Amino acid sequence: QVQLVESGGGLVQAGGSLRLSCAASGDTFSSYTMGWFRQAPGKGREFVASISRSGSNTDRAGSVKGRFTISRDNAKNTVYLQMNSLKPEDTAVYYCTARPLGSSAWDYWGQGTQVTVGS
């Protein structure tokens, strides 16, 4: 099992930037595909980005391409989400998640961190 703790959320004006971090503990971090999801008020949880175990492959939702970048540091057991050119519609609780090797499901989730973008 892996435990995930997000940090870095906050309030920022439109056009600004934030970097979210997710620290993992409890298991071999490099054996997990990592991802970020978000949930805005009154909406379902949606995929934002993912990164392969080695960090060589990434995927992002169309709504954040060109603005958000996911990365990981396996030596620090941490995954990051760099968010630039933030928009009010990016306001949501952002969740870090982990998918074990061989699994098709995101099995582990952090508690979430709030990102609020003012207009």
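Residues numbered from 1 in each chain as written. Predicted model: local features only at pLDDT ≥ 70, side-chain atom pairs only at ≥ 80, totals over all residues. Heavy atoms only, no water.

J.: It is not clear to me how the environment of Phe29 should be interpreted in this structure. Could you clarify?
T.: By secondary structure assignment, the location of Phe29 is in the loop between strand 3 (18–25) and strand 4 (32–39). Along the chain, Phe29 and Gly62 lie 33 residues apart, while their C-alpha atoms are 27 Å from each other. Beyond its immediate stretch of four places on either side in the chain, Phe29 contacts Ala24, Met34, Arg72, Asp73, Asn74, Asn77, Thr78 and Val79. (Helix = DSSP H or I, 4+ residues; strand = E, 2+ residues; numbered from the N terminus. Contact = heavy atoms within 4.5 Å.)

J.: What should I look at first to understand the pattern of salt bridges in this one?
T.: Two side chains with opposite charge may pair up if their charged atoms get near one another. Summed over all chains, the structure comprises three salt bridges. Of the charged contacts, one joins Asp90 and Arg38 as a salt bridge, the two residues approaching to 2.9 Å between their closest N and O atoms. Pair noted here: Asp90 is in the loop between strand 8 (78–83) and strand 9 (92–100) and Arg38 is in strand 4, with a separation of 52 residues, a long-range link. By relative accessible area, which is 6% here, Arg38 ends up buried. Of the charged contacts in the structure, one is a salt bridge between Arg67 and Asp90, with a shortest N-O distance of 2.7 Å. Note that Arg67 is positioned in the loop between strand 6 (58–60) and strand 7 (68–73) and Asp90 in the loop between strand 8 and strand 9, a separation of 23 residues in sequence. By the burial criterion, Arg67 is buried, and Asp90 matches it. (Salt bridge = Lys/Arg side-chain N within 4 Å of Asp/Glu carboxyl O. Buried < 20%, exposed > 50% of the residue type's maximum accessible area, 1.4 Å probe, protein only.)

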